[in-house]
Amino acid sequence: MFGYVTQELLLGFWTTLQIFALTLLFSLPLGLVICFGSMSRVTPLRWFCKTLVWIIRGTPLMLQIIVIFYGPGLAATWAQGLSEQNALTSWIASWEVMDRFTSIIVAFSINYACYFSEIYRGGIQSIPRGQYEAGQVLGMTRGQIFFHVVLMQVIKRITAPMSNEFITLVKDTSLARTIAVYEIIWAGQQFITMHGLLWPLFYTGAFYLIFCGALTLAFGALEKKLNYYKV
Amino acid sequence: MAYLNVRNIQKNFGATRVLKGIDLELERGEVLVIIGSSGSGKTTLLRALNFLELPDDGTITLDGEVLLDASDKTMRSDEEIRKNRLHFGLVFQQFNLFPQYSVLDNLTLSPRLMAKSLPKAERKAKIQAIEENAKALLERVGLSEKAGSYPCELSGGQQQRVAIARALALSPDILCFDEPTSALDPELTGEVLKVIRSLKDDRRTMIVVTHEMEFARGVADRVIFMSDGVIAEQGSAEEIFEHPKSPALQHFLRLSKEK
Ligand SMILES: Nc1ncnc2c1ncn2[C@@H]1O[C@H](COP(=O)(O)OP(=O)(O)OP(=O)(O)O)[C@@H](O)[C@H]1O
Ligand SMILES: [Mg+2]
């Protein structure tokens, strides 16, 4: 039985890992885009990004998952029911429901991108002006200053808060079961309903612990690697 | 016409008039020292010369070429400014070395990035020349053995000497110093001032803002005394330090002697 449970849970954990990896893949760069937007000199863009961050950070991820999964379908049904159609409503009417897994990735990516954007912003704004000015008087372009002078220092400064977010994400993946994506908690719960066994659910904790432990070690190694200089 | 010609530089921060029309001239190979009390606009003037602040009015002409004309908005593209500011170098009070790069990489970073635009065939030779030049400069400021160290491993005086070498690595026509020793412990100022003196011996054109009066007198060909956003008095080191005319300058010199 133990072997069978482990096998089932690993299957669920595979989904968990996919959610984790894909969310990072999209949210890490998207967070940078939102971060630049919220520091932009273009006022409408800045407000758009700030409002987005406010909404995403101000509502539960579980609710965001539900809105993203059910929202487009509901909007399409509503638009199809309208007696008069214009370009916008007929576009909305053509919306289709995303599959469950895609919805999860979209919801998680947007959610984490907003959190990351704030961490990036804090990191970028903590770099002294003198660093930019030194780059400027040495004739570097804005892009060169960002990528060759500022970025490494930002990465060093944000590793601790980022490791927090990564570890939170591991556990947040369990919210995917809200819309019946078969991740590890869901897999564990199956044993309650199908076999009357509670321990497989408890057992899922071991998977999280091991994975989070590995992440902690990896971040520890990264911090150590970046410790060759002080700011 | 003088090598460097600065005409009527004005700079306001909101309602505060910080530079109220600065005119100055500098010949090639001369050292200009700027003195003046805190808040008189010395830093702002250096920053304007290095295009870190855009003046509201005035012109900067170097060797006959107009580098900045505040009334000509077309001269304000990033590209234009970047090109023009390379005529000047600036050494900051707080060094502003790049902490994540070794001493040698601090010197070579910007020249290397510029070399990227060269055709591949020339690039390798160029990068080698950049490295050799950087090593020679480190030797010049007495830090050859620190090439592989990181800024956090150096004393303030050593960091400032690296910063000077880094500015020199771009071969600026005019090198500016903003209180290069103010952030240093007194026992470390000597090594930095010595480097600046040696640059004068090489007939480098320099503009130095400093509160070190002894040093100023020794290194200056000409001295400017700034007060409240204007040049209150200027002349040779002897004229300014031995025969100050204005009461403001006399007062300033007396105060700095007492310190
Ligand atoms: N970015 C800024 N915004 C507003 N005011 C500024 C700014 N930079 C400088 N000032 C003001 O301009 C005046 C001149 O400043 P500046 O730094 O040029 O003086 P300074 O002569 O270098 O003084 P110190 O000897 O203390 O370095 C000061 O009153 C300062 O408060
Ligand atoms: Mg100053």
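Above this text sits the structure in question.
Basis of the calculations
- Residues numbered from 1 in each chain as written.
- Chains lettered and ligands numbered in written order.
- Predicted model: local features only at pLDDT ≥ 70, side-chain atom pairs only at ≥ 80, totals over all residues.
- Heavy atoms only, no water.
- Near = heavy atom within 4 Å.
- Polar contact = N/O pair within 3.5 Å; in protein donor to acceptor, adjacent residues only side chain to side chain.
- Areas by Shrake-Rupley, 256 points an atom, 1.4 Å probe, with all protein chains shown as cover.
- Helix = DSSP H or I, 4+ residues; strand = E, 2+ residues; numbered from the N terminus.
- Nonpolar A, V, L, I, M, F, W, Y, C, P; charged D, E, K, R; others polar.
- Axes fitted to C-alpha atoms, helices over the stretch in contact; angles between N-to-C directions.
- Parallel < 35°, antiparallel > 145°, perpendicular 65-115°, else oblique.
- Left-handed = near helix turned anticlockwise from the far one by under 90°.
- Contact = heavy atoms within 4.5 Å.
- Pairing = 2+ DSSP bridges.
- Patch = residues over 30% accessible without salt bridge, like charges linked within 9 Å, V, L, I, M, F, W, Y side chains within 5 Å.
- Salt bridge = Lys/Arg side-chain N within 4 Å of Asp/Glu carboxyl O.
- Buried area = accessible area lost by both parts, 1.4 Å probe.
- 1 Å grid on protein atoms, 1.4 Å probe; cavity = no way out; pocket = protein on both sides within 12 Å on 5 of 7 lines; lining within 4 Å.
- Points joined across faces, edges and corners; volume = space filled by probe spheres on them.
- Phe/Tyr/Trp six-rings, centres within 6.5 Å; stacked < 30°, edge-to-face > 60°.
- Lys NZ or Arg CZ within 6 Å of the ring centre and 35° of its normal.

Novice: Just checking my understanding: could you explain the site of ligand 1 for this structure?
Specialist: Residue and element names in this part refer to chain B. Residues in contact with ligand 1, as listed here, are Phe13, Val18, Ser37, Ser38, Gly39, Ser40, Gly41, Lys42, Thr43, Thr44, Glu179 and His211. The backbone of serine 40 places a nitrogen or oxygen atom 3.2 Å from an oxygen atom of ligand 1. Within the complex, the protein chains bury 59% of what would otherwise be the 640 Å² of accessible surface of ligand 1. Counting residues per element, the shell around ligand 1 draws most heavily on helix α1 (residues 42-49), which supplies 3 residues. Looking at the shell around ligand 1 residue by residue, the classes come out as 2 nonpolar, 8 polar and 2 charged.

Novice: Help me out: how do you make sense of the packing of helix α5 (residues 156-168) of chain B against helix α6 (residues 186-201) of chain B in this one?
Specialist: Each pair of packed helices gets described by two things: the angle between the helix axes and the distance between those axes. Residues and elements named next belong to chain B. Interhelical geometry of α5 versus α6 gives an angle of 20° and a closest axis separation of 8 Å. When the axis of α5 is compared with that of α6, the two are roughly parallel. Between α5 and α6 the crossing geometry is right-handed. Contacts between α5 and α6 involve Gly156, Gly157, Gln158, Gln160, Arg161, Ile164 and Leu168 on the former and, on the latter, Leu188, Glu191, Val192, Val195, Ile196 and Leu199.

Novice: Would you explain the sheet that holds strand β2 (residues 16-26) of chain B in this entry?
Specialist: Sheet strands line up and pair through hydrogen bonds in the backbone, either parallel or antiparallel. Residue and element names in this part refer to chain B. Spatial strand order, β2-β1-β4-β5: 4 strands in an open sheet with antiparallel pairing. Taken across any chain shown, the strands that pair with only one partner, and hence form the sheet edges, are β2 and β5 (65-69). Averaged over all neighbouring strand pairs, the angle between strand axes comes to 20°, with direction disregarded. Pairing of strand β1 (residues 4-13) with β2 involves 8 bridges; the strand directions are antiparallel. Within β2, the position partnered with isoleucine 9 by the bridge is isoleucine 22. Taken strand by strand, α1 contacts β1, β2 and β4 (57-62), and its axis lies near 60° from that of β2.

Novice: Would you mind showing me how to read the pairing of β1(B) here?
Specialist: A regular strand places its side chains so that they alternate between the two faces of the sheet. Residue and element names in this part refer to chain B. In this structure, the hairpin formed by β1 and β2 is closed by a connection of 2 residues, where glycine 14 is found at a positive phi of approximately 60°. As paired strands, β1 and β4 are joined by 5 bridges and run antiparallel to one another. Bridge pairing links glutamine 10 to aspartate 57 in β4.

Novice: So what exactly am I meant to see when it comes to the packing of helix α8 (residues 184-195) of chain A against helix α9 (residues 199-225) of chain A here?
Specialist: All names here are of chain A. It is at 8 Å that the axes of α8 and α9 come closest, and there the two elements cross at 160°. Considered as vectors, α8 and α9 are oriented roughly antiparallel to each other. Crossing geometry of α8 relative to α9 is assigned as right-handed. Counting all contacts with α8, which are made through Ile184, Ile185, Gly188, Gln189, Phe191 and Ile192, the residues of α9 involved are Pro200, Leu201, Thr204, Phe207 and Tyr208. When the residues that make up the contact of α8 with α9 are grouped by side-chain class, the tally is 8 nonpolar, 3 polar and no charged.

Novice: Just checking my understanding: could you explain a nonpolar patch on the surface for this structure?
Specialist: Taken together, the side chains of A:Met1, A:Phe2, A:Tyr4 and A:Trp199 make up a nonpolar region of the molecular surface, amounting to roughly 430 Å² of accessible area. You can see A:Phe2 is positioned in helix α1 (residues 2-38).

Novice: Please clarify how the interface of chain A and chain B should be interpreted in this entry.
Specialist: For an interface, size is often stated in terms of accessible area lost upon the parts coming together. Each partner contributes residues to the interface: chain A has 22 residues there, and chain B has 25 residues. For the pair chain A and chain B, the two sides together bury roughly 2100 Å², of which 60% comes from carbon and sulfur. Put simply, chain A and chain B have 2 salt bridges between them. Notably, a salt bridge pairs A:Arg142 with B:Asp78, separated by 3.0 Å at the nearest N-O pair. Along the contact surface separating chain A from chain B lie 12 residue pairs in polar contact (both at pLDDT 80 or more). Among the secondary structure elements, those contributing two or more residues to the side of chain A that touches chain B are α6 (129-137) and α7 (142-172) of chain A. Per-element accounting of the side of chain A that touches chain B gives the leading share, 8 residues, to α6(A). Per-class residue counts for the side of chain A that touches chain B are 9 nonpolar, 9 polar and 4 charged.

Novice: Whenever I open this one, empty space enclosed by the protein confuses me. Can you help?
Specialist: Summary: where empty space remains is shown by rolling a probe the size of a single water molecule over the atoms. Following the criterion strictly, the structure yields 1 cavity of 30 Å³ or more and no others. Its boundaries defined by the atoms lining it, the largest cavity holds a volume of some 50 Å³. If you go around the largest cavity, the residues you meet are A:Val137, A:Leu138, B:Leu86, B:Phe88, B:Gly89, B:Leu90, B:Ala167, B:Leu170 and B:Pro172. It is strand β6 (residues 88-91) of chain B that contributes the most residues to the lining of the largest cavity, 3 residues altogether. Of the residues in the lining of the largest cavity, the class split is 8 nonpolar, 1 polar and no charged.

Novice: Would you explain the layout of surface pockets in this entry?
Specialist: Roughly 1000 Å³ of internal volume is contained in the largest pocket. Along the wall of the largest pocket there are 25 residues; nearest its centre are A:Arg41, A:Tyr132, A:Gln136, A:Arg142 and A:Ile145. Mapped onto the lining of the largest pocket, the elements with two or more residues apiece are α5 (100-125), α6 and α7 of chain A together with α2 (78-85) of chain B. Among the residues forming the lining of the largest pocket, the class breakdown is 12 nonpolar, 4 polar and 9 charged. Within this model, the second largest pocket holds a volume of roughly 330 Å³. If you trace the second largest pocket, you find 13 residues lining it, with B:His211, B:Met213, B:Leu253, B:Ser256 and B:Lys257 closest to the centre. The element best represented in the lining of the second largest pocket is helix α9 (residues 247-258) of chain B, accounting for 5 residues. Per-class residue counts for the lining of the second largest pocket are 5 nonpolar, 4 polar and 4 charged.

Novice: Before we go on, may I ask you to explain the packing of aromatic side chains in this structure?
Specialist: Under the criterion given, the structure shown has 21 aromatic pairs over all chains. A cation over a ring is seen here: A:Lys156 above A:Tyr229, with NZ or CZ 4.6 Å from the ring centre. One cation-aromatic arrangement involves B:Arg166 over B:Phe98; the distance from NZ or CZ to the ring centre is 4.6 Å.

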